[in-house]
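What the coordinates show
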Amino acid sequence: MSQEMLSDVTIGLLYMIGYLIMLCAGGFIADYVLPHIPPLQRWLDSLPPYEDDYEDKEERT
């Protein structure tokens, strides 16, 4: 590998690490911070339960 290619790979890895850190921070906020805000928790509780698509797939076959 040339020195230029190695530096390009390093820069790409740094960008990927930055994106992964943002995703981890967003997941932490969504799981642990937002449920402690009362208006948001009431809104989340008012949503209908999530239904998986397993039943639809079984009916098609």
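Further remarks concern the overall build of the chain. Broken down by element type, the chain carries 3 helices and 0 strands. Along the chain, helices (α) and strands (β) appear in the sequence α-α-α when read from the amino end. Accessible surface, the chain: about 6,100 Å² in total, of which carbon and sulfur atoms supply 65%.

Quick look at the environment of P35 now. As for its position among the elements, P35 is in the loop between helix 1 (3-33) and helix 2 (38-46). For P35, a relative accessible area of 29% gives the class partly exposed. What P35 contacts, discounting residues up to four positions off in sequence, is I29, A30 and Q41.

What counts, and at which threshold
- Residues numbered from 1 in each chain as written.
- Predicted model: local features only at pLDDT ≥ 70, side-chain atom pairs only at ≥ 80, totals over all residues.
- Heavy atoms only, no water.
- Helix = DSSP H or I, 4+ residues; strand = E, 2+ residues; numbered from the N terminus.
- Areas by Shrake-Rupley, 256 points an atom, 1.4 Å probe, with all protein chains shown as cover.
- Buried < 20%, exposed > 50% of the residue type's maximum accessible area, 1.4 Å probe, protein only.
- Contact = heavy atoms within 4.5 Å.

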